[in-house]
Amino acid sequence: MRVLHFYKDYFPDTMGGVEQVIRQMCVGTGRLGVRNEVLTLTRSKDLRPFEFEGHTVRRVPLDLNIASNGISFAAFGELRRRAAECDVVHYHFPWPFMDLAHFVAGIDKPTLVTYHSDIVRQKALLRLYQPLKHKFLRSVDTIVATSPNYLASSAVLDRYRDKTRTITYGLDKSIYPPAEPARLDKWRAAVGEKFFLFVGVLRYYKGLHILLDAVAGSDYPVVIVGAGPIEEELKAHAARLGLKHVMFVGKLDDADKVALLTLCYAVAFPSHLRSEAFGISLLEGAMYGKPMISSEIGTGTSYINIHDETGLVVPPSDPQAFGAAMRTLWDNPALAEAMGKRAEERYQQLFTAERMASSYLALYQELVARRAGA
């Protein structure tokens, strides 16, 4: 079984949430005998294919980037060539250029699309894109929603319920590096024994301004891991609020991230818009047995974090409610510990990479068999 994944970003250029999921899919299904390739765009001049954790990464030049929509003219031919040698083409939505490439390349293989998120922000461009989007979603064999919450709340997915199924994301803790004693000591000395942790790209929908407002007037230590387009804006906001107990540590490698996940008291995840369709770093918190605070935005975040069970869920864009939730956990260590244990149990039950990989392998086999029968 050979599977081609097609998405605009991937390692080594970036490793955001979708890229991490594709990585986990490739590693997990690879252990079950699937030969995976990832076709992606790059700004690098080095276009040689390479092996990464058991799968092949192929890159074509990024020519244009319009409203986060990467475009590569070389992708049309490369997608056609790579698809001809695979059994299944696995698309990752949203990426409008991908929809166009699917038709220009004349793909005639079993196809599925993992629907990672609605398009939320680009309203004007979305109106222009609607006909292509729906033509693409009608053309693929199967659509995969990443949580029952997102399937229930997406108007787009509601139109395609007859061809949509749910396979949640999964993580494999074994591919994360172990927590090194030296790194634990380093971070313990830098941030203390008890702190809230946020991990993620610093984008508009992550709600970091809400988190900063929530801790104004308190002394809870907060560590913010990540870089992104609004980093300086957030640092300026923290300075205006006089937040001496908030530490921006920038983008970190996995070893440092694991150390902070191991040490932290709880995970703060203030994303307030539907652009946050799932929350991989929230799931990482559950995997490391941490209680969580998140907002109810009708997406997978509230499938990971169950209110009063694995953590606390508050209304979106409400700093007072978010701050009150932080105070509840801070003042009740026994409650926080119990929620963290339940969070890890829920991860083991629902969100392992092994479970995700088995579900995708079964779907790949079903699509191939369906095409052969037809």
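Worth saying up front: this structure is predicted, and the values here are computed from it rather than measured.

Colleague: Explain the sheet that holds strand β11 (residues 196-199) to me, please; I cannot follow it from the model alone.
Modeller: Backbone hydrogen bonds are what pair the strands of a sheet, in a parallel or an antiparallel way. As summarised here, the arrangement of the 6 strands in space is β13-β12-β11-β14-β15-β16, forming an open sheet in which the pairing is parallel. Only two strands of the sheet have a single partner each, and these edge strands are β13 (246-250) and β16 (311-314). Going from strand to strand, the sheet's axes swing by 20 degrees on average, the running direction of each strand aside. Bridging between β11 and strand β12 (residues 222-225) involves 4 bridges; their strand directions are parallel. Note on β12: the bridge partner recorded for Val199 is Val225.

Colleague: Explain the pairing of β12 to me, please; I cannot follow it from the model alone.
Modeller: Two faces make up the sheet, and in a regular strand the side chains alternate between them. Judged by which residues are buried, β12 turns out to be covered on both faces: Val222 and Ile224 on one side and Val223 and Val225 on the other are all buried. At this point the chain moves from β11, through helix α8 (residues 208-215), to the parallel β12, and the crossover so formed is right-handed. In the sheet, β12 pairs with β13 via 4 bridges, with the strands oriented parallel. Its bridge partner lying in β13, Ile224 is registered against Phe248. Between β12 and its parallel partner β13, the chain crosses via helix α9 (residues 231-241), and the hand of that crossover is right-handed.

Colleague: Quick question: what am I supposed to make of the domain arrangement of the chain here?
Modeller: Many structure descriptions define interface size as the accessible area lost when the parts assemble. If you check the domain split of the chain, you get domain 1 (2-172 + 353-373) and domain 2 (173-351). For domain 1 and domain 2, the distance between their C-alpha centres works out to 28 Å. In this assembly, 26 residues from domain 1 lie in contact with 23 residues from domain 2. When domain 1 packs against domain 2, the two sides together hide about 2,100 Å² of surface, and 56% of this comes from carbon and sulfur. The largest share of the area that domain 1 buries against domain 2 comes from Tyr169, Leu171 and Asp172, three residues that together contribute 29% of it. There are 2 salt bridges connecting domain 1 and domain 2. In this structure, the salt-bridge partner of Arg274 is Asp118, at a minimum N-O distance of 2.8 Å. Here domain 1 is connected to domain 2 by 10 residue pairs in polar contact (both at pLDDT 80 or more).

Colleague: Hey, could you run me through a nonpolar patch on the surface in this one?
Modeller: Taken together, the side chains of Leu64, Ile66 and Phe73 define a hydrophobic patch exposed on the protein surface, amounting to about 300 Å² of accessible area. By relative accessible area, which is 54% here, Phe73 ends up exposed.

Colleague: Explanation requested: the sheet that holds strand β8 (residues 111-115) in the structure shown.
Modeller: The strand order across the open sheet built from 8 strands is β3-β4-β2-β1-β7-β8-β9-β10, with neighbouring strands paired in mixed fashion. In this open sheet, the two strands that pair with only one neighbour each are β3 (50-52) and β10 (164-166). Between one strand axis and the next, the sheet turns by 30 degrees as a mean value, whatever way the strands run. Pairing of strand β7 (residues 88-93) with β8, which is carried by 5 bridges, proceeds in the parallel orientation. Each residue of the ladder has a partner; that of Val89, found in β8, is Thr111.

About the thresholds
Residues numbered from 1 in each chain as written. Predicted model: local features only at pLDDT ≥ 70, side-chain atom pairs only at ≥ 80, totals over all residues. Heavy atoms only, no water. Pairing = 2+ DSSP bridges. Helix = DSSP H or I, 4+ residues; strand = E, 2+ residues; numbered from the N terminus. Axes fitted to C-alpha atoms, helices over the stretch in contact; angles between N-to-C directions. Buried < 20%, exposed > 50% of the residue type's maximum accessible area, 1.4 Å probe, protein only. Right-handed = clockwise from strand over helix to strand, strands pointing away. Domains from an automatic or database assignment. Contact = heavy atoms within 4.5 Å. Buried area = accessible area lost by both parts, 1.4 Å probe. Salt bridge = Lys/Arg side-chain N within 4 Å of Asp/Glu carboxyl O. Polar contact = N/O pair within 3.5 Å; in protein donor to acceptor, adjacent residues only side chain to side chain. Patch = residues over 30% accessible without salt bridge, like charges linked within 9 Å, V, L, I, M, F, W, Y side chains within 5 Å. Areas by Shrake-Rupley, 256 points an atom, 1.4 Å probe, with all protein chains shown as cover.

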